Amino acid sequence: MPAITVDDITVLPRVPEAGEALQRPVRSVTTAPTGVEGEGFPVRRAFAGVDLTDLDPFIHMDQMGEVEYAPGEPKGTPWHPHRGFETVTYMIDGTFEHQDSNGGGGLITNGDTQWMTAGAGILHIEKPPEQLVMSGGLFHGSQLWVNLPKAQKWAAPRYQDLRANEVGLLASPDAGALVRVIAGDLAGYRGPGDTYTPITYAHATLAPGARLDLPWNPAFNALAYVLAGRGTVGAERRPVEMGQLAVFGSGDALRIEAAATQESRSPALEVLLLGGRPIGEPVAWYGPFVMNTRTELMEAFEDYQAGKLGSIPAAHHTPDEIVETDGSPTGD
């Protein structure tokens, strides 16, 4: 799991000690079910079973792979539309290619992130490059959907190609953990991602037995998704392992600990850390469109069918029925 690593972690800036910060309690731990996306690549649905009000401003996340493809096996997605949110594709191992109906797109590989703001609407396709299809190889990454506030849902589509060498790099006080800041602010260090909604998005690697205490904006929610390995979360040390999501309650800090022994195929604890300021608006979500009302969803489908988002036929995945919330927060 290369993403981005460093030869000497001890030279990195250190995360400040948590001190008397209030550790956030763990509200829930859920296990992501497996499925297939696009033309058949395996995913874990990281947020399945978690209420949208606990995820706000996030909507959906897939862990893509980890899978070792034989020659001819790599698969992508067909052309499909989006409106009303942003997709954040973080590539850990392997290579993925993007193209959209406006002529944009690009290639991302180990540690790169592509941030696509769908905004008012766009068609795009994601696929492995021809070279990877021919050779096969390792494929592992994640795709996060970040909601847009009503005022930005009609923003013009845009791309941000964030290269691995641009992310902010931090170490825990004892250098037992490496933290990559992809977007937002963490302990005073910023990632390169430019966001409409204030969020923090980071990838942490903890050596066996290491503990990571992170200061966390008390106005943000807090989520931790385990990409690989096993350990515990929170001061209460709730066990977590690969494919599980922890939802935290209120507080000023997050605690993650790696188990003292790890499996040989996952020598460290790998965790995605996410948080953001809840938007608190109604959500109406159906397939590739995330809007505020059913009427806006119907308009999105009508615009797509009329060719206003582009002219390439497309379809996308879950949910296959309308999901709505009133935007009100849940208690801890």
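For the structure itself, look to the data block above.
To start, this report covers the structure provided alongside it. A quick note: this is a predicted structure, and the numbers were derived from the prediction, not measured.

### Notes on the pairing of strand S6 (residues 85-93)
A large share of S6 lies buried, amounting to nine of its nine residues. Sheet topology places S6 next to strand S11 (residues 137-147); eight bridges connect them, and they run antiparallel. Opposite Val 88, over in S11, you have Leu 144 as the bridge partner. Pairing of S6 with strand S9 (residues 113-117), which is carried by five bridges, proceeds in the antiparallel orientation. Residue pairing across strands places Glu 86 opposite Thr 117, the latter belonging to S9.

### Side note on the pairing of strand S21 (residues 238-241)
With four bridges connecting them, strand S20 (residues 230-233) and S21 associate as antiparallel partners. Paired with Gly 231 across the strands is Val 240, a residue of S21.

### Some words on the sheet that holds strand S1 (residues 26-31)
Reading across the sheet, the seven strands line up as S1-S22-S19-S24-S17-S14-S13 and stay open at both edges, with antiparallel pairing between neighbours. Strands with a single pairing partner mark the edges of an open sheet, and in this sheet they are S1 and strand S13 (168-171). Strand after strand, the sheet turns through a mean of 20° between neighbouring axes, direction not considered. In terms of strand pairing, strand S17 (residues 199-206) meets strand S24 (residues 269-276) through eight bridges, oriented antiparallel. Each bridged residue has a counterpart across the sheet, and for Ile 199 the counterpart in S24 is Gly 276.

### A few points about the nonpolar core
The tendency in soluble globular proteins is for nonpolar side chains to be buried as a group. One finds Phe 47, Leu 144 and Tyr 201 to be the most contacted residues of the largest nonpolar core, which totals 42 residues. Looking at which element gives the most residues to this core, the answer is S6, with four residues. Leaving out residues up to four positions away in the same chain, Leu 144 has contacts with Phe 47, Phe 58, His 60, Met 61, Glu 86, Thr 87, Val 88, Tyr 201 and Leu 274. Among the nonpolar cores identified, the runner-up in size contains 28 residues, and Leu 186, Ala 202, Phe 248 and Leu 269 belong to it.

### What to know about the side chain of His 140
Within the secondary structure, His 140 is located in strand S11. Of the polar contacts made by the side chain of His 140, one reaches the side chain of Gln 63; its length is 2.8 Å.

### Section: the sheet that holds S9
Strand order in the open sheet formed by seven strands is S2-S3-S4-S11-S6-S9-S12, with antiparallel pairing between adjacent strands. Two strands bound the open sheet, and with one partner strand each, they are strand S2 (34-37) and strand S12 (158-162). Strand-to-strand, the axes of this sheet are offset by a mean angle of 25°, without reference to chain direction. One ladder, built from five bridges, connects S9 with S12; its direction is antiparallel. By the bridge assignment, Gln 114 is partnered in S12 with Asp 161.

### What about the packing of aromatic side chains?
One pass over the full model with this rule turns up six aromatic pairs. Relative to Tyr 201, the ring of Tyr 90 has its centre 6.5 Å away and its plane inclined at 75°; by these criteria the two rings are edge-to-face. Highlighted residues: Tyr 90 in strand S6 and Tyr 201 in strand S17, separated in sequence by 111 residues. Each member of the pair, Tyr 90 as well as Tyr 201, is classed as buried. Look at Phe 289 and Phe 301: their rings are 4.9 Å apart centre to centre, the planes differ by 90°, and that puts the pair in the edge-to-face class. Note that Phe 289 is positioned in strand S26 (residues 289-291) and Phe 301 in helix H3 (residues 294-305), a separation of 12 residues in sequence.

### Here's the deal with empty space enclosed by the protein
Following the criterion strictly, the structure yields two cavities of 30 Å³ or more and no others. Of the voids in this model, the second largest cavity is the one considered here, and its volume is about 30 Å³. Around the second largest cavity sit Asp 56, Asn 147, Leu 148, Ile 279, Gly 280, Glu 281, Pro 282, Val 283 and Asn 292, which together line it. Split by residue class, the lining of the second largest cavity holds four nonpolar, three polar and two charged.

### Digging into the pattern of salt bridges
Scanning all chains against the criterion turns up 11 salt bridges. A salt bridge links Arg 45 to Asp 62; the shortest N-O distance between them is 2.6 Å. Note that Arg 45 is positioned in strand S3 (residues 41-45) and Asp 62 in strand S4 (residues 58-69), a separation of 17 residues in sequence. For Arg 45, a relative accessible area of 14% puts it in the buried group. By relative accessible area, which is 5% here, Asp 62 ends up buried. A salt bridge links Arg 211 to Asp 213, with the nearest nitrogen and oxygen atoms 3.4 Å apart. Accessibility expressed as a relative area gives 13% for Asp 213, which makes it buried. Through salt bridges with shared partners, one network takes in Arg 83, Asp 303 and Lys 308.

Rules and cut-offs
Residues numbered from 1 in each chain as written. Predicted model: local features only at pLDDT ≥ 70, side-chain atom pairs only at ≥ 80, totals over all residues. Heavy atoms only, no water. Buried < 20%, exposed > 50% of the residue type's maximum accessible area, 1.4 Å probe, protein only. Helix = DSSP H or I, 4+ residues; strand = E, 2+ residues; numbered from the N terminus. Pairing = 2+ DSSP bridges. Axes fitted to C-alpha atoms, helices over the stretch in contact; angles between N-to-C directions. Core = buried A, V, L, I, M, F, W, Y, C linked by side-chain atoms within 4.5 Å. Contact = heavy atoms within 4.5 Å. Polar contact = N/O pair within 3.5 Å; in protein donor to acceptor, adjacent residues only side chain to side chain. Phe/Tyr/Trp six-rings, centres within 6.5 Å; stacked < 30°, edge-to-face > 60°. 1 Å grid on protein atoms, 1.4 Å probe; cavity = no way out; pocket = protein on both sides within 12 Å on 5 of 7 lines; lining within 4 Å. Points joined across faces, edges and corners; volume = space filled by probe spheres on them. Nonpolar A, V, L, I, M, F, W, Y, C, P; charged D, E, K, R; others polar. Salt bridge = Lys/Arg side-chain N within 4 Å of Asp/Glu carboxyl O.

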